[in-house]
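Architecture at a glance
Read off the chains here:
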Amino acid sequence: MTMTTTDPAAVQVSAADFRHAIGHFATGVTVVTSVGADGEPVGTTANAVSSLSLDPPLVLVCLDRSSLTLEAVCAHAAFAVNVLAARQQHLSANFARRGLAAAWDGVRHRPGSTGSPRLDGVLATLECTVEHRIAGGDHDIIVGRVRHVETSRKNAAPLVFWRGGYTSLGGNALAAD
């Protein structure tokens, strides 16, 4: 690969090029859940999730500024990060419906200690309270203090997103549901 030096201020990366390049970074898939102003559960699929600190235990979650889930997370001051297993592509698709509220009919869940929905059968759930909200372009970065964790005892593979689709850790593409 040949690299040329140019004025960094003159270089502009298109959204499409950035999306294509960052798509080469494999991520786990989560559903971030909270409670809306009406008391009903809300959630969105998110792969821009990361551990931030062990002491204190902090995570960061990046949510689109137009997201109903972001609005709920900030108003409720709490959220849950539900880590999906490979067999849970249907949940990822349900909660990734841009501009629409996710369908909760048939989604098994229960309220956690913060009141945020905990999805049944996930690999792990991290319940958090909001510590900080930071603007980040067209997203907001939510820093959450982890208040409770639960992990599955099942030896299930995680749901992984890479190059615009689901894949397994072995590199085999997963068929869409």
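Scroll up to find the structure this text is about.
Residues numbered from 1 in each chain as written. Predicted model: local features only at pLDDT ≥ 70, side-chain atom pairs only at ≥ 80, totals over all residues. Heavy atoms only, no water.

The helix and strand inventory of the protein stands at three helices and twelve strands. For the protein, the residues scored as buried account for 34% of the 177 residues in total. If you take every contact in the protein between residues at least 6 apart in sequence, the share linking residues at least 24 apart comes to 62%. (Helix = DSSP H or I, 4+ residues; strand = E, 2+ residues; numbered from the N terminus. Buried < 20%, exposed > 50% of the residue type's maximum accessible area, 1.4 Å probe, protein only. Contact = heavy atoms within 4.5 Å.)

Judged from the six bridges that link them, strand 2 (residues 30–35) and strand 3 (residues 41–46) form a sheet pairing that is antiparallel. Considered in strand 3, the bridge of Ser 34 is made with Val 42. Joining the antiparallel neighbours strand 2 and strand 3 is a turn of five residues, in which Gly 39 adopts a positive phi near 85°. (Pairing = 2+ DSSP bridges.)

Attention now moves to the packing of aromatic side chains. Scanning the model with the defined rule gives two aromatic pairs in all. Relative to Trp 104, the ring of Phe 95 has its centre 5.0 Å away and its plane inclined at 75°; by these criteria the two rings are edge-to-face. Here Trp 104 falls in the buried class, since its relative accessible area comes to 14%. (Phe/Tyr/Trp six-rings, centres within 6.5 Å; stacked < 30°, edge-to-face > 60°.)

With that settled, the discussion passes to the pairing of strand 5 (residues 58–64). Strand direction decides the pairing type here: strand 4 (residues 49–53) and strand 5, joined by four bridges, are antiparallel. By the bridge assignment, Ser 50 is partnered in strand 5 with Leu 60. Once strand 4 ends, the chain turns through four residues before running back antiparallel as strand 5. Here seven bridges tie strand 5 to strand 10 (residues 139–151), and the two strands are oriented antiparallel to one another. Residue pairing in the sheet places Asp 64 in a bridge with His 139 of strand 10.

Strand order in the open sheet formed by three strands is 1-11-12, and the pairing between neighbours is antiparallel. The open sheet has two edge strands, strand 1 (27–28) and strand 12 (165–167), and neither has a second partner. Bridging between strand 11 (residues 160–162) and strand 12 involves three bridges; their strand directions are antiparallel. What sits directly across from Phe 161, in strand 12, is Tyr 166.

A word on the sheet that holds strand 6 (residues 78–83). Here seven strands make up an open sheet; going across it, the order is 3-2-6-9-10-5-4 and the pairing antiparallel. Edge positions in the sheet fall to strand 3 and strand 4, since each of these pairs with one other strand and no more. For this sheet, the mean inter-axis angle between neighbouring strands, taken without regard to orientation, is 35°. Pairing analysis gives six bridges linking strand 6 to strand 9 (residues 124–136), with the strands arranged antiparallel. Residue pairing for strand 9: Ala 78 is matched across the bridge by Thr 129. Across the sheet, helix 2 (residues 68–76) is in contact with strand 2, strand 3, strand 5, strand 6, strand 9 and strand 10; its angle to strand 2 comes to roughly 50°. (Axes fitted to C-alpha atoms, helices over the stretch in contact; angles between N-to-C directions.)

The set of residues buried in helix 2 consists of Thr 69, Leu 70, Ala 72 and Val 73. Projection of helix 2 onto a plane perpendicular to its axis shows the buried side chains occupying an angular sector of 165°, all on one side. Opposite its buried face, helix 2 presents the exposed residues Glu 71 and Ala 75, each directed more than 90 degrees away. Elements in contact with the buried residues of helix 2: strand 2, strand 3, strand 5, strand 6, strand 9 and strand 10. After helix 2 finishes, the residue Ala 77 shows a positive phi value of roughly 65°. (Arc of directions from axis to C-beta.)

Glycine aside, the phi torsion of most residues is negative, and most peptide linkages are trans. The omega angle of the peptide bond from Asp 55 to Pro 56 is 5°, so this bond is cis rather than trans. Looking at where Pro 56 falls in the secondary structure, it is placed in the loop between strand 4 and strand 5. Phi is positive for Ala 77, which is not a glycine, with a value near 65°. With respect to the helices, strands and loops of the structure, Ala 77 is situated in the loop between helix 2 and strand 6. Given the relative accessible area of 37%, Ala 77 is considered partly exposed. Despite not being glycine, Arg 163 has its phi angle at roughly 55°, a positive value.

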